[in-house]
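Examination of the molecular architecture
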Number of protein chains: 2
Amino acid sequence: MSRFTFEVLVSLKPGLSDPQGKAVESSLPALGWTNVSRVRVGRHVALTVEASSEAEARAQVEEMARRLLSNPVIEEFRILETEGRG
Amino acid sequence: MSRFTFEVLVSLKPGLSDPQGKAVESSLPALGWTNVSRVRVGRHVALTVEASSEAEARAQVEEMARRLLSNPVIEEFRILETEGRG
C-alpha cells in the first residue's frame, strides 16, 4: 500500500449567489483594489489516502468529495494530486 | 489591461489543531473509509484581477492573500493561476 495526498477544491456552482465572495469583494476597494471581480469563496480540503495505486486512491477521493465534502446540488469540486509516495 | 484569474488556497499551518478536519476524518469510517488520514480543511478563493501583466496581477493577489484572505499568524496560502486572458 502507498500513501497519496490530494486536495479537493469545493466551490459554489457558477450563477449561485455567494455572500462570502461578495463580502470579500466589497472589502477590497477600502484596501486600494478596485480592479478585482468575480470573487468566489469555497473550501479547500487536503487529505492522505492509503491505497494500492494512484488511480484507486483518486477514485476514492472522488467518491468522498461527492458524498461528504461537497453538496452536489449547489457545489462542484476539482481534485488535485499533491504528492504520491511509494 | 488584461484579466487574470487566480485561486488562493488558504490552509491552517501544520501543527495547528483543525477541528473541521477532525470532524471530516471522524465521519469517514461510518461511510466505509478507514484509510484516510491528515484531513485539513481550509478555504479556496477564486478571483479575477485586471492588470497590465501576469506578474503584476500575481503580486497583487499575493498582497490580498496576506492582508485580507488569510490570517498570517495561523494560516498559510498558495496561489494558482487558473487562466490568463489577453
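Structure's up top.
First, a word on scope: everything that follows refers to the structure included in this document. (Residues numbered from 1 in each chain as written. Chains lettered and ligands numbered in written order. Predicted model: local features only at pLDDT ≥ 70, side-chain atom pairs only at ≥ 80, totals over all residues. Heavy atoms only, no water.)

Across the boundary between the two partners, chain A contributes 35 residues, which contact 35 residues of chain B. Carbon and sulfur atoms make up 56% of the surface buried where chain A meets chain B, a total of about 3,000 Å² over both sides. Contact with chain B buries area across many residues of chain A, yet Trp33(A), Asn35(A) and His44(A) alone supply 20% of it, more than any other trio. Inspection of the chain A/chain B interface yields two salt bridges. With its nearest N and O atoms 2.8 Å apart, the salt bridge here joins Arg78(B) to Glu7(A). The interface formed by chain A and chain B includes 16 residue pairs in polar contact (both at pLDDT 80 or more). Where the side of chain A that touches chain B is concerned, the elements lending two or more residues are strand 1 (2-12), helix 1 (19-27), strand 2 (36-51), helix 2 (54-69) and strand 3 (75-85) of chain A. With 15 residues, strand 2 of chain A is the single largest residue contributor to the side of chain A that touches chain B. (Contact = heavy atoms within 4.5 Å. Buried area = accessible area lost by both parts, 1.4 Å probe. Salt bridge = Lys/Arg side-chain N within 4 Å of Asp/Glu carboxyl O. Polar contact = N/O pair within 3.5 Å; in protein donor to acceptor, adjacent residues only side chain to side chain. Helix = DSSP H or I, 4+ residues; strand = E, 2+ residues; numbered from the N terminus.)

As a further point, take the relation of the copies chain A and chain B. Look at the two chain copies: a rotation about an axis and a shift along it is all it takes to match them. With an axial shift of 0.0 Å and an RMSD of 0.0 Å, the rotation relating chain A to chain B amounts to 180°. Look at the turn and shift together and you get a two-fold axis relating the two. Across chain A, the rotation axis passes nearest the C-alpha of Arg43(A), at a separation of 2.2 Å. When the interface residues of chain A are mapped onto chain B, 100% of them are again interface residues, pointing to one common binding face. (Least-squares fit on C-alpha atoms with pLDDT ≥ 70 in both.)

Turning our eyes to something else, we now look at the pattern of salt bridges. Residues and elements named next belong to chain B. In total, this model carries 10 salt bridges over all chains according to the counting rule given. For Arg 3, the salt bridge goes to Glu 50, with nearest N and O atoms at 3.9 Å. Taken together, the positions of Arg 3 in strand 1 (residues 2-12) and Glu 50 in strand 2 (residues 36-51) put the pair 47 residues apart, joining distant regions of the chain. For Glu 50, a relative accessible area of 32% corresponds to the partly exposed category. (Buried < 20%, exposed > 50% of the residue type's maximum accessible area, 1.4 Å probe, protein only.)

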